[in-house]
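# Structural overview
Residues per chain are reported as follows:
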Amino acid sequence: MPPAVPSPILRRRRLGTDLRRLREAAGLTGDQVIERIGWASASKLSRLENGRSRPDPEDVAVLLDLYRAAPALREELLVITEEAGDMRAWRRSYPVMTQQQLGWAELEAGCAQIREYNPVLVPGLLQTEGYARLRIVSANAAAASADPSAGDDPETEVKARLGRQSLLDRPDGPRYTAVLEEAALGRRACPPDVLRDQLAHLCELAMLPNVTLHLLLRDTRIGEFYLPPTAFSLYRFTDSQDPETLAIEGGFIDVMSTEASTVNRYKVTFEWLCSAALSASDTLTWLFAATGRLTDTAASSVVVPGPTAAPAQRRRQPGRLTER
C-alpha cells in the first residue's frame with residue numbers, strides 16, 4: 001500500500017500561513033508586495049495567503065525571492081507548493097469520492113491522530129456498508145424535502161464513505177479514538193440485523209492496534225453534569241507545522257476551525273468524555289455482549305417446521321442494550 005498523500009487543501013493552508021509569516025517578517029504590506037512584483041490584482045496574494053487557490057510554483061518562487069527566504073525553507077515550501085497543486089495524486093487514494101465526503105477525506109489525509117465524539121451516530125470512519133446506506137438515504141430524504149435536487153447518488157456516496165475507511169488499515173495511518181454514546185447503538189438507528197453487523201464491526205475495529213473506542217453509558221455523569229453541545233472531531237497532523245483542526249458536525253452545516261483557543265477547549269471536552277466513558281477493554285466487553293444478544297434474538301426467531309419443533313429459547317446474557 002503506498003504511503004498516505006497529504007491533502008492538497010491542507011498543504012495550501014500551510015503554504016499560505018508560511019507566506020504570510022514571511023511577508024510580515026520582511027515588513028511588507030500586501031499592497032507593497034503587489035506593487036513590487038507587478039501583479040494585476042491584490043486578491044491574488046490574499047487567496048494564496050488564505051489557502052483558497054491552487055498555487056503556481058513560479059508565483060511562490062517570486063514571493064520567496066522577495067522575502068529572502070532561507071534556502072532550506074525555500075526548498076521545503078516549493079515542495080509543499082507542488083503537493084498543494086497536485087489533486088490527481090491525492091485523489092488516486094480514493095477511487096470513488098463525492099463532494100460531501102471530500103471535505104472529510106481532505107482533513108483525514110496526513111493525520112497523525114483523529115479524535116471523534118458523536119452523541120447520536122456511529123462516526124463515518126466506523127460505519128458498516130448497511131449502516132452508512134441508511135444514514136445517507138435518510139439524510140437525502142430530509143434534504144430533498146427542502147430541495148429535490150439535493151443529495152448525491154446513495155450508492156456512490158456509500159462507496160466514497162467506505163473508501164475513506166481504508167485510512168484506519170494503513171500501516172502509516174492515524175491513531176484513532178472515538179467516544180460512542182450508548183444511545184447511538186440502539187434500535188432507533190437501524191433495524192436489528194444492521195445494528196448487529198455494526199456492533200460486530202465495532203468489535204473488530206476495537207481490536208486494531210491504532211483504534212481505541214470508549215462507550216459512554218446512557219446515565220453516566222460527565223463532570224459537574226456537563227453536556228457536550230454537539231458532535232465534533234479533532235485532527236492532529238503528521239507535520240507539526242500544520243495547525244490542529246476542529247470540525248463540528250452540525251447535520252446540514254459543518255464548521256471547521258484552526259483557532260488554537262477554540263481547539264483547546266474541545267480537546268479538554270474530549271478528555272472529560274474519555275474519563276467518564278468505559279475503558280477500552282470494558283467497551284469491547286460491552287460490544288461483544290450486545291452483539292451476542294442480537295445474534296441470540298435473531299436465532300430465536302427461526303422456528304424449524306414440524307410437529308416436534310419446540311419454541312426457541314432466548315439465552316439471557318448480561319448487558320445494557322435494551323430492545324425498544
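Residues numbered from 1 in each chain as written. Predicted model: local features only at pLDDT ≥ 70, side-chain atom pairs only at ≥ 80, totals over all residues. Heavy atoms only, no water.

## Focus on the packing of aromatic side chains
- Considering all chains together, one arrives at four aromatic pairs under this definition.
- Measuring from centroid to centroid gives 5.9 Å for Tyr117 and Phe232, while their planes differ by 45 degrees, and the two rings are tilted. Remark: Phe232 occurs in strand S4 (residues 231–237) and Tyr117 occurs in strand S1 (residues 111–118); sequence separation between them is 115 residues.
- Between the aromatic rings of Phe232 and Tyr266, the centroid separation amounts to 5.0 Å while the plane-to-plane angle is 65 degrees, which identifies the pairing as edge-to-face. Highlighted residues: Phe232 in strand S4 and Tyr266 in helix H11 (residues 260–276), separated in sequence by 34 residues. No difference in accessibility class separates Phe232 from Tyr266, as the two residues are buried.
- Chaining the aromatic ring pairs together yields one cluster made of Tyr117, Phe232, Tyr266 and Phe270. (Phe/Tyr/Trp six-rings, centres within 6.5 Å; stacked < 30°, edge-to-face > 60°. Helix = DSSP H or I, 4+ residues; strand = E, 2+ residues; numbered from the N terminus. Buried < 20%, exposed > 50% of the residue type's maximum accessible area, 1.4 Å probe, protein only.)

## Here's the deal with the environment of Val33
- Mapped onto the elements of the fold, Val33 is located in helix H2 (residues 30–37).
- Judged by its relative accessible area of 0%, Val33 is buried.
- Taking the C-alpha atoms as reference points, Val33 and Arg23, separated by ten residues in sequence, lie 8.2 Å from one another.
- Sequence-distant contacts of Val33, defined by excluding residues within four places in its chain, comprise Arg23, Leu28, Leu45, Leu63, Leu66 and Tyr67. (Contact = heavy atoms within 4.5 Å.)

## With respect to the pattern of salt bridges
- This structure, assessed with the given rule, holds 16 salt bridges.
- With a closest N to O distance of 2.6 Å, Asp65 and Arg74 form a salt bridge.
- Arg74 gets classed as partly exposed once you look at its relative accessible area, which sits at 25%.
- Arg164 is the salt-bridge partner of Glu108, the closest N and O atoms lying 2.5 Å from each other. Note that Glu108 is positioned in helix H7 (residues 99–108) and Arg164 in helix H9 (residues 154–164), a separation of 56 residues in sequence. (Salt bridge = Lys/Arg side-chain N within 4 Å of Asp/Glu carboxyl O.)

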